[in-house]
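# Overview (structure and organization)
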Amino acid sequence: MKWLQRTGLLLLALLVLGALALGTYVYRSHPALDGELRAPGLTQPVKVSRDAADVTHIEAASERDAWFALGYVHAQERGWQLEFNRRVMHGKLSEILGEATLETDKLLRTLGIMQAAERQLAALPAEAQQAVQAYADGINAFYAASPQALQPEFHVLGTRPGGDGPAWTAADSVGWSLMMALDLGGNWGNEFARLNALQVLDTPALWELMPPYPGERPVASADLARLYAEWGIFRKSGTQSQAPAPTLPPATLLAGTLRTDLARWAQDFADHLGTVDGKGSNNWVIAGSRSASGKPIVANDPHLSLSAPAIWYFARMKAPGLDVMGASFPGLPFVVLGRTRQVAWGFTNTAPDVQDLYLERIHPDQPGQYQTPESWAAFETREETIRVKGKPDVKHTVRSTRHGPVLSDAQASHQQLLDTQRYVIALRWTALDTDNRTLLAGIRSNRAQSVDDLLAAYEDFIAPMQSVVMADTSGRTAFKTTGRVPLRHPDNDIMGVAPSPGWDARYDWVGWLPYAQTPQADSAAIEARGWLATANQRIHAADFPHFLTQDWELPYRQDRIDALLARPGLLDLDAQMPIHGDLASASAQGLLPHLVKSPVTHPLGAAAQQALAGFDGELRADSAAALIFSVWTDEFTRGVIGGRLGQERLMAIYGKRVFRAAIEGILARDDTAWCGEAGCAAASGQALDRALARIEAMQGSEVSKWQWGTAHPAISAHRPFSNVGALARFFDVRVPTGGDRFTVNMGHFHADHEPEPFANRHGPSMRALYDLANLENSRFIYQTGQSGLVFSRRYRDMSEEWAAVRYRPLQMDPPGFAHRLTLVP
């Protein structure tokens, strides 16, 4: 008995010691918010204060020390986020996650993000080089001198900041700006989706599947299906082509007790990089003539993939010549969206076609050469060595042509589609050019004190092109698209909407649209109307003389914002909040007559139709009708479009991409070529039957208790622990939401993302309102919290406010500070 008692006491002691050790670690992992910390590399002390809204205020004696301190604070609060992002852009995920992420690493190595970043860094002027170097010095100083314990992700994955090198370099900031351009400018996915569909569709059917913008004709006049068939680009059954990447086993974490499907995550991530669809935003500027105060109002809500921690970190930087406040990106040394003392601005993604895919024809006898307009040229090559956890190193050969990197060497989807013995696909992309000075534009924008200052700063902005609204305290407003757009040859009959023949010079770019000629509106034009809003719709008139893209978002969100702003009466800041929260969908209203007329045989059909009887197209979280409508659109897409393309091909291009315009057209035409001989009403009824069965399996048989928000939670996903079931519940941030892709309060779901295909994964990554009558009345919110430490209450403390469309103050001169820290040299 005594040995049992002793064993029990020993186990108890071990548990107590373990709990104490864990408690000590958790305590040490929290950042110091008060007192004094040593930061080697500073030239003068810097004050770092947190206000009641949890905005970080940095007050420094020089711009250089302010950039340094921002880097230090980003490392203090978002250390794992910085490390993960660094590994992504370097193509070094497999070092810590194993071969499941090998294809993602190959893609990033092939793109040459860091090679481009090094070239661009060397070409930047001294002020930009100083900013990114000071920022990197701040990050590295934190790790060199701080007593703070590393975040748990480092321990779980057995790594350290920077791996075998520094935690951050100046080139890493340039690389991260390129990653944001890739995230927001990736239209190559649309080109490849069209190519994929053309295996089974003729060209007219392609334009029914992916129609041009309402009122426009397809910009490509070529018969694409005929061209690709004549060239023989598709892989034939039995053809020996480069083998696709194998199905990879899930990685094992925590000594085999936790498992994650990293292969699925990695494929989703790779697909995400090449898909601009869904990457939207809203912004608007209200002229003083329509404002109750007589001064302008600026509103902004960028729609991005929801992540935990969030992509944003709110901060103020003050130094001689610098006083700016707003949303910063961990990884960059400036405020991206926000305000200074006298001017405010907001972005939406313009999403022009700045990426073209080129089919490169391989020499039949010399596979190291490809055809050019003049003759044949050798591929440029470089060897990359990718370390893989638990496996031998992998050698990857990167090939490039005169257009750019050969993507098909790194993407299994390309290899499965193309006859890669005869053709490869290369990418031409504006952001990779050496004279990309986007970082300089961001740094200079932070010093702006007027609309004119902002317009001058953004002349250096290259990628991703943004639609910027701005206003200053003098009452001046403006709209300007900032970024570089290629000009194409008049004889180009493909215009970059699908892969073009790389051996024909008429498909090459022939120059750039001058900054002075990008779409814009001055203060007088905005005053005349009273406001200007953008929501990723076509942002120029139908007679604009230059081609930007034909892949605009459908104009539902912009039309709704315009309708709400056009209501009688003068507008104030409070009136903008319900616009940010608006859940009315004109697309749903247009499709609803087809849904309610659908013949239904499911036992819950009558109850479902009763729920739909009162539906007005408002996609509220507590609405059963919104759930029925959303699942029906998904089932109609799978049944009708999948029925013609084939389910495997559909699911290769569906999910992050939607086919709402196709569905609307098919139903309006009662198109039997898509719906089948029985017609679209029958196909709609079958889709509704499947939808009801699916919802019943998810939420039971009481239709009155069904809720869209239950199926549609906003999931701010942690990378990579969102895919580790035992960890996801702690690291992900979830909250029920309404809306869909076509509501102002966007909630875009990825229908291919099981087991929660209707979860809101892409929405307002933050909301901001700026009052130019009193900029201290400005407000903000985003979907997680300032801290990236899962143990912190500040990790998710904004989520409920964000879901309820509430705000926190964004003040340069708050009434007080909750925390005061001093960084000393």
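A brief look at the structure comes next. Nothing here was measured: the structure is a model prediction, and the numbers come from that model. (Residues numbered from 1 in each chain as written. Predicted model: local features only at pLDDT ≥ 70, side-chain atom pairs only at ≥ 80, totals over all residues. Heavy atoms only, no water.)

## Description of the sheet that holds strand β12 (residues 355-361)
The strand order β17-β12-β21 describes an open sheet built from 3 strands, whose pairing is mixed. Only two strands of the sheet have a single partner each, and these edge strands are β17 (423-429) and β21 (500-501). Judged from the 2 bridges that link them, β12 and β21 form a sheet pairing that is parallel. Bridging across to β21, Y358 finds its partner in S500. The sheet contacts of helix α9 (residues 188-197) involve β12 and β17, and relative to β12 the element is tilted by about 50 degrees. (Pairing = 2+ DSSP bridges. Helix = DSSP H or I, 4+ residues; strand = E, 2+ residues; numbered from the N terminus. Contact = heavy atoms within 4.5 Å. Axes fitted to C-alpha atoms, helices over the stretch in contact; angles between N-to-C directions.)

## Details of the pattern of salt bridges
All told, the structure shown has 49 salt bridges when counted by the stated rule. Between D435 and R484 there is a salt bridge, with its nearest N and O atoms 3.0 Å apart. Taken together, the positions of D435 in the loop between β17 and α14 (438-445) and R484 in the loop between β19 (477-482) and β20 (486-488) put the pair 49 residues apart, joining distant regions of the chain. Accessibility expressed as a relative area gives 39% for D435, which makes it partly exposed. Given the relative accessible area of 14%, R484 is considered buried. Measuring nitrogen to oxygen at the nearest pair gives 2.8 Å for the salt bridge that ties R808 to E801. Just as R808 is buried, E801 falls in that class too. Beyond isolated ion pairs, a larger network of salt bridges with shared partners links E63, E127, R437, R444, R447 and D460. (Salt bridge = Lys/Arg side-chain N within 4 Å of Asp/Glu carboxyl O. Buried < 20%, exposed > 50% of the residue type's maximum accessible area, 1.4 Å probe, protein only.)

## Points about the state of the cysteines
According to the stated counting rule, one finds 1 disulfide in the structure shown. Here C675 pairs with C680 through a disulfide, and the sulfurs are 2.0 Å apart. The disulfide joining C675 to C680 has a torsion of about 90 degrees about its S-S bond and is therefore right-handed. Per residue, the accessibility class of C675 equals that of C680, and both read buried. (Disulfide = S-S within 2.5 Å.)

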